[in-house]
Amino acid sequence: MTLAAIVLAVAALSVWLDRHRDRTAGLAGSSDVNDRDRIRVRDDLRYLT
């Protein structure tokens, strides 16, 4: 039972760390709220059409 609790705790920690890494691994200077690269690409595509 103790082994199952340890494995569950390690799995939960792994999921939490993975989500934290994904949230902070974006483009340099961009956040989830203000993605400057998406704005730039949208403006480039608008220019082409």
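Note that the coordinates shown come from a computational prediction; the quantities given were computed from them, not determined experimentally.

Asks: How would you explain the overall build of the protein if you had to name every residue and give the values?
Replies: Scanning the protein for helices and strands turns up 2 helices and 0 strands. When the accessible surface of the protein is split by element, carbon and sulfur atoms take 64% of a total near 4,700 Å².

Asks: Break down the pattern of salt bridges for me, with residues and values.
Replies: Counted under the stated rule, the structure contains 2 salt bridges. Linking R46 and D43 is a salt bridge whose minimum nitrogen-to-oxygen distance equals 3.6 Å. Taken together, the residues span about one helical turn, with R46 and D43 both in helix α2 (residues 36–48) at a distance of 3 residues. On the basis of relative accessibility, which here comes to 52%, the residue R46 falls in the exposed class.

Asks: Describe in detail a nonpolar patch on the surface, supporting the description with residues and values.
Replies: Taken together, the side chains of V41, L45, Y47 and L48 make up a nonpolar region of the molecular surface, amounting to roughly 480 Å² of accessible area. Within the secondary structure, L48 is located in helix α2. A relative accessible area of 67% means that L48 is categorised as exposed.

About the criteria used
- Every chain begins its residue count from 1, and numbering advances along the sequence as written.
- With pLDDT at 70 or above as the cut-off, local features in this predicted model cover only qualifying residues; side-chain atom pairs require 80 or more to be listed or tallied, and sums for whole chains, interfaces and linings still use all residues.
- For the side-chain quantities, the full set of heavy atoms in the structure was used; hydrogens and water were omitted.
- The numbering of helices and of strands both runs from the N terminus, where a helix is a DSSP run of H or I of at least 4 residues and a strand a run of E of at least 2.
- Here the open area of atoms and residues is found with the Shrake-Rupley method and a 1.4 Å probe, where only the protein chains shown may cover a residue.
- Salt-bridge detection follows one rule: a side-chain nitrogen of Lys or Arg within 4 Å of a carboxyl oxygen of Asp or Glu.
- Any residue under 20% of the maximum accessible area for its type is buried, any over 50% is exposed, and the rest in between are partly exposed; the area is computed with a 1.4 Å probe on protein chains only.
- Each patch is built from salt-bridge-free residues with over 30% relative accessible area, joining like charges within 9 Å and nonpolar side chains (Val, Leu, Ile, Met, Phe, Trp, Tyr) within 5 Å.

Scope: geometric values only; no functional claims are made or implied.
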